Amino acid sequence: MNLPPELIVYLRSSTRVAVLTGAGISQESGLRTFREARDGLWTQYKPEDLASREAFAQNPKLVWDWYAMRREKVRGVLPNPGHYALAELERRIPTFTLITQNVDGLHLKAGSANIIELHGNLQRVKCSECGRATVEWVETEGSVPICLVCGGLLRPDVVWFGESLPRAALETAVLACRECEIFFSIGTSGLVQPAASLAYAARNRGAKLVEINAEQTSLTEKVDFALQGKSGEILPALLSAAW
Ligand code: NAD
Ligand code: ZN
């Protein structure tokens, strides 16, 4: 694989690295990206029409079932070499922050430690009334499980369209981007804000930008190094070239 020698040298000598990942990094684990997500029983629905408060208010069971299906899928897949390479990179770079838009928990499974899950996690739910989050609940036949504290409906603890990101997580992410020497944007179309602006937070403070994506995105022209291909192939190659 042809990797830019300048990038390899720079990565090896860097002490602060920030990484943003999106659905593309989990594609090689067998999870569909957002654009490919219309499968099976769910072909008739757009993810945008299921992942919102309005959708949940209108038909909570439909939304609950869609997430239950996604949760099941995630339980049946494993991290891929891209996830493992990032976990390994964290062990080599003194200050390493992994920011992910994914809700699949695969970075944690691969051994990454310093992770900011900007959009939450599928394996956790929270009460739509009192906000209490939990990883344990009692499934109920034909309806959505309820909160044991207040009786409100439980919903997945993920960020839906139209909702704001958890403030503390976002602030930590922005700080890491401002302070890094290299910023990686991996497997994300860069269309969802404010995650997409993190690259600019890094660049404005002088960081080198690297994109790893199977396709061109709106960020491609603006980065210092655009590596086109699969993250599960490029990341391990980059790691073994640098160390
Ligand atoms: P996206 O679907 O908009 O974009 C995926 C990007 O990954 C595309 O640019 C595509 O070219 C690229 N890609 C696909 N396969 C790749 C591979 N093997 N290697 C490298 N790049 C590859 O996803 P997004 O930018 O993350 O944003 C959409 C939203 O979707 C996010 O908010 C996220 O929470 C949600 N989502 C998450 C998951 C998950 O947790 N696995 C899955 C689907 C959607
Ligand atoms: Zn409650």
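Residues numbered from 1 in each chain as written. Chains lettered and ligands numbered in written order. Predicted model: local features only at pLDDT ≥ 70, side-chain atom pairs only at ≥ 80, totals over all residues. Heavy atoms only, no water.

Chemist: Any chance you could explain the site of ligand 1 here in plain terms?
Modeler: Near ligand 1 there are 26 residues, and of these Q101, D104, T188, S189 and N213 occur at the shortest range. G187 has a polar backbone atom sitting 3.1 Å from an oxygen atom of ligand 1. In the model, a nitrogen atom of ligand 1 is placed 3.2 Å from a nitrogen or oxygen of the A214 main chain. Within the complex, 93% of the 860 Å² of free accessible area of ligand 1 lies under protein. (Near = heavy atom within 4 Å. Polar contact = N/O pair within 3.5 Å; in protein donor to acceptor, adjacent residues only side chain to side chain. Areas by Shrake-Rupley, 256 points an atom, 1.4 Å probe, with all protein chains shown as cover.)

Chemist: Sorry, what's going on with the packing of aromatic side chains here?
Modeler: In this description, a pair of aromatic rings is defined by centroid distance and the angle of the planes. Following the criterion strictly, the structure yields four aromatic pairs and no others. Residues W66 and Y67 carry aromatic rings whose centres are separated by 5.0 Å and whose planes lie at 75° to one another, so their mutual orientation is edge-to-face. Its relative accessible area of 3% is what places W66 among the buried residues. On the numbers, 6.4 Å between centres and 45° between planes, the contact of Y67 with W160 is tilted. (Phe/Tyr/Trp six-rings, centres within 6.5 Å; stacked < 30°, edge-to-face > 60°. Buried < 20%, exposed > 50% of the residue type's maximum accessible area, 1.4 Å probe, protein only.)

Chemist: What is the right way to read the coordination of the zinc ion (ligand 2) from this model?
Modeler: In ideal tetrahedral geometry, four donors around a metal make angles of 109.5 degrees, whereas ideal octahedral geometry with six donors gives angles of 90 or 180 degrees. Listed as protein donors to the zinc ion (ligand 2) are C127 (SG), C130 (SG), C147 (SG) and C150 (SG); their distances from the metal cover 2.3 to 2.4 Å. Angles of 96 to 119° at the metal separate the four donor atoms of the zinc ion (ligand 2), which places the site in the tetrahedral class. (Donors = N, O, S within 2.8 Å, 3.2 Å for Na, K, Ca; no water. Tetrahedral: all angles 85-135°; square planar, octahedral: opposite > 155°, others 65-115°.)

Chemist: Whenever I open this one, the domain arrangement of the protein chain confuses me. Can you help?
Modeler: By a widespread convention, an interface's size corresponds to the accessible area lost as its parts come together. The domains assigned to the protein chain are domain 1 (5-31 + 79-119 + 164-242) and domain 2 (39-75 + 139-158). Each of domain 1 and domain 2 has a C-alpha centre, and the two are 29 Å apart. Both sides of the domain 1 and domain 2 interface together cover about 390 Å² of buried area, and 65% of this is carbon and sulfur. For the domain 1 face of the interface with domain 2, the top three residues by lost area are L31, V103 and H119, together amounting to 64%. On inspection of domain 1 and its partner domain 2, the count reaches zero salt bridges. Scanning the region where domain 1 abuts domain 2 turns up zero residue pairs in polar contact (both at pLDDT 80 or more). (Domains from an automatic or database assignment. Buried area = accessible area lost by both parts, 1.4 Å probe. Salt bridge = Lys/Arg side-chain N within 4 Å of Asp/Glu carboxyl O.)

Chemist: I would appreciate a short explanation of the sheet that holds strand 4 (residues 120-127) in the present structure.
Modeler: Strand pairing in a sheet relies on backbone hydrogen bonds. The paired strands run either parallel or antiparallel. Across the sheet, three strands lie side by side as 5-4-6; this open sheet has antiparallel pairing. Each edge of the open sheet is held by one strand with a lone partner, namely strand 5 (133-134) and strand 6 (154-158). Here strand 4 runs beside strand 6; their pairing, made up of four bridges, is antiparallel. Bridging from a neighbouring strand, G120 pairs with V158 of strand 6. (Pairing = 2+ DSSP bridges. Helix = DSSP H or I, 4+ residues; strand = E, 2+ residues; numbered from the N terminus.)

Chemist: Explain the nonpolar core here, please?
Modeler: For soluble globular proteins, the rule of thumb is that nonpolar side chains tend to be buried together. In terms of nonpolar packing, the biggest core is built from 25 residues, with L11, V17, V19, L86, F96, F184 and I186 touching the most fellow members. Elements that contribute at least two residues to this core include exactly helix 1 (5-13), strand 1 (16-21), helix 5 (81-92), strand 2 (95-100), strand 7 (182-186), strand 8 (208-213), strand 9 (225-228) and helix 9 (231-242). Ranked by the residues each element gives to this core, the list is headed by helix 9, at five residues. The residues touching F96, leaving out its near neighbours within four places in the chain, are V17, V19, L86, L89, E90 and N114. By size, the runner-up hydrophobic cluster in this structure holds 21 residues, among which are V74, V77, V125 and C147. (Core = buried A, V, L, I, M, F, W, Y, C linked by side-chain atoms within 4.5 Å. Contact = heavy atoms within 4.5 Å.)

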